[in-house]
2 protein chains.
Amino acid sequence: MSVFTTKLAASSEASRSLLCVGIDPDPRLAPPSVVAQPDWVARFALGIVEATADLACAFKPNLAFFEALGDDGYRGLRALMAALPKDRLSIGDAKRGDVGSTAAAYARALFEVWGFDAATVNPYLGWDSLEPFLGYQDRGTIVLCKTSNPGSGDLQDLRTTWEGRDMPLYQVVARQAVGRNGARNLGLVVGATYPEQLAHVRELAPDMPILVPGVGTQQGDLEAAVAAGLDVQGGGILVNASRSVIYASTGDDWQAVARAAALDLRDRVNAMRQAERAEERVGATG
Amino acid sequence: MSVFTTKLAASSEASRSLLCVGIDPDPRLAPPSVVAQPDWVARFALGIVEATADLACAFKPNLAFFEALGDDGYRGLRALMAALPKDRLSIGDAKRGDVGSTAAAYARALFEVWGFDAATVNPYLGWDSLEPFLGYQDRGTIVLCKTSNPGSGDLQDLRTTWEGRDMPLYQVVARQAVGRNGARNLGLVVGATYPEQLAHVRELAPDMPILVPGVGTQQGDLEAAVAAGLDVQGGGILVNASRSVIYASTGDDWQAVARAAALDLRDRVNAMRQAERAEERVGATG
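Here the structure is a predicted model, which means the values were calculated and not measured.

**Quick word on the overall build of chain A**
A count of helices and strands for chain A gives 13 helices and ten strands. Taken against the 2.2 N^0.38 rule, which gives 19 Å for 286 residues, the C-alpha radius of gyration of chain A at 18 Å falls within 12% of a compact globule. For chain A, the spread of C-alpha atoms along the three principal axes comes to 60 × 55 × 35 Å. Split into buried and exposed, the 286 residues of chain A put 57% on the buried side. Looking at chain A alone, contacts between residues at least 24 apart form 73% of all its contacts between residues at least 6 apart.

**Examining the interface of chain A and chain B**
Taken together, the contact between chain A and chain B spans 44 residues of the former and 44 residues of the latter. Every element with two or more residues in the side of chain A that touches chain B is listed here: helix H4 (63-67), helix H6 (100-113), helix H8 (153-156), strand E6 (159-162) and helix H9 (169-179) of chain A. In terms of residues, the side of chain A that touches chain B owes the most to one element, H6(A), which gives seven residues.

**Some remarks on the sheet that holds strand E7 (residues 165-168) of chain A**
Spatially, four strands are ordered E7(A)-E6(A)-E6(B)-E7(B) in an open sheet, and the strand pairing comes out antiparallel. The sheet is open, and its two borders are formed by E7 of chain A together with strand E7 (165-168) of chain B, each paired with just one other strand. Mean inter-strand twist for the sheet, computed between neighbouring axes without regard to direction, equals 30°. Sheet analysis places strand E6 (residues 159-162) of chain B next to E7(B), joined by four bridges and oriented antiparallel.

**Remarks on the environment of A:Phe133**
All names here are of chain A. Position of Phe133 relative to the elements: it lies in helix H7 (residues 131-134). For Phe133, a count of 26 C-beta atoms within 10 Å puts it in the buried group. Residues Phe133 and Arg16 lie 117 residues apart in sequence; the distance between their C-alpha atoms is 29 Å. Excluding anything up to four places from it in sequence, Phe133 contacts Ala103, Ala107, Ala119, Val121 and Thr141.

**So, the sheet that holds strand E5 (residues 140-146) of chain A**
Residues and elements named next belong to chain A. Spatially, the eight strands close up into a barrel ordered E1-E2-E3-E4-E5-E8-E9-E10, and their pairing is parallel. For this sheet, the mean angle separating the axes of adjacent strands, direction not counted, is 30°. As paired strands, E5 and strand E8 (residues 186-190) are joined by five bridges and run parallel to one another. Across the sheet, the residue bridging to Lys146 is Val190, located in E8. Its contacts with the sheet place helix H10 (residues 195-204) against E5, E8 and strand E9 (210-212), and it is angled at close to 165° to E8.

**Quick word on the confidence of the model for chain A**
Of all residues in chain A, 98% have pLDDT values of 70 or greater, and the mean over the chain is 96. We note a pTM of 0.97 for the whole complex and an ipTM of 0.97 for its interfaces.

**A short note on the relation of the copies chain A and chain B**
Take chain A, turn it by 180°, move it 0.0 Å along the axis, and it overlays chain B with an RMSD of 0.0 Å. Taken together, these values place the two copies in the relation of a two-fold axis. Within chain A, the C-alpha atom positioned nearest to the axis of rotation is that of A:Thr160, 2.2 Å from it. Most of the interface of chain A is mirrored in chain B, where 100% of its interface residues are also at the interface.

Rules behind the numbers
Throughout this document, residue positions are counted from 1 along each chain, in the order its sequence is written. Chain letters and ligand numbers both follow the written order, the letters beginning at A and the numbers at 1. Thresholds applied to this predicted model are a pLDDT of at least 70 for local features of residues and 80 or more for the giving and counting of side-chain atom pairs; totals over whole chains, interfaces and linings are not thresholded and use all residues. A run of DSSP states H or I qualifies as a helix once it reaches four residues; a run of E qualifies as a strand once it reaches two. Both are numbered from the N-terminal end. A radius of gyration in this sense is built from C-alpha atoms; the matching globule rule multiplies 2.2 Å by the number of residues raised to 0.38. For every residue, the other C-beta atoms within 10 Å of its own C-beta are counted; 20 or more classify it as buried, 12 or fewer as exposed, and values in between as partly exposed. C-beta atoms are placed from the backbone. Here the contact rule is simple: place C-beta atoms from the backbone, and any two residues whose C-beta atoms are within 7 Å are in contact. Should DSSP find at least two bridges between two strands, the strands are regarded as paired. Throughout, an axis means a line fitted to C-alpha atoms (over the contacting stretch in the case of helices), and angles, computed between N-to-C directions, take values from 0 to 180 degrees. Note on scores: pLDDT gives the predictor's confidence for each residue, bounded by 0 and 100. Least-squares fitting of one copy onto the other uses the C-alpha atoms of those residues that reach a pLDDT of at least 70 in both copies.

Next comes the structure, spelled out in structure tokens:
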């Protein structure tokens, strides 16, 4: 275990949850009564955290939405990072990737300046570009593998030859990640919209944490994704929901409705975990 | 021509230069006398621009280095963006890539909040993830193709099947880019450290601007890269130098020495352009 996987296991245990709440502040989608106030980004982000902290094992601020707001966004992200519960995993969703010295600057920004427990990164530049992230052995580096968007196949599904074998590119990334995980601080991103590919990745990386976006607005099949992604301990996935939770209501009840959406999702995932366990028991005894 | 290619042609003509100066503020490398001052990021960045503006056709702030400095970095980048000469191309080196709605937020951050003329992006997530950038038809979207780092082959060189043909992944990216360039606002990144691959990309994308990093500290072969990358008009490349120019001296002469390094590089590139033209004339008449 690494600091990253230990913290993930502890926060998942404490919250009895595999839910990751993505925080994407967008003034066109957030409750108008909040957006009208000064420091709305912090108010909104902290309001979501307050409403869902006991139901989520991780929070995933998406840096794009903060950056798109300029100064207000950076101020809001600072307030959010200061307010996140210390016993929950914080994931900086930044999808960075660059050559060595630049990658080191990005890792510094995410792990030291912002203080995230983990960050998402892009593997296109190769593994030397990810080394500066992996060098932070007490943080998690979560590598894009098969992303949730419709066009993810443009490169990720291409048939590729790697070490003499033929496989889609995203499986090369999964295999390479397994080979680089000496410090146990790697994770992968696989979209809930591709449960079949998620099952392949789980097979290739039996005990690597997998961040699974795309269950809400992107309409991934939650049941299929959870069944495909769970590890043998009935964990190992972080089911991310962003818009479907945080923008569940734009009325004055936004916190209560966000909480209800998070609770529903947590409980549905937990019900599936129990069903999978029951099936395994039947399988083992039957 | 698009606004992007027109501005690139005009700035290259006005400066008689294909040089792009990368601005990567690093307190461990910058002149100590500058770093000791308040607002050193802005002082340093503006000092480099002042010293090299007539020699460079583009400036490329690398967002990682600003982000790693937190507030000081954002303040410095704001000052730099306000000071960049309007008749020079500004490239936000951010290498972003994310699914649709998030990519739209990154494009907004780079093109609207910061105001860059162009930005670098990562193709791993597929072309729907780049659409929000390409939708800004008056800006340039410069796609990573074959990057300059030693490990770039981990994915980019893998043999891949695309449209029934076998080719390395970076050539798939180049071919896909050519097919998506209806608005003429695309460019590619190919490292000077890989002149052979640069020649292949130029063949596949005869009139697409190519950003060529890696000639300085990364020790790419300048002559080979320029010969491989020039288009038939003797242009079409942006030869980027960052550390080898901006950290050419850490003494009080830092501006003069940075200028000398930029001048030398511009003139060497121009000499090769003339030599190539002369060779073509010989080829045409011989």
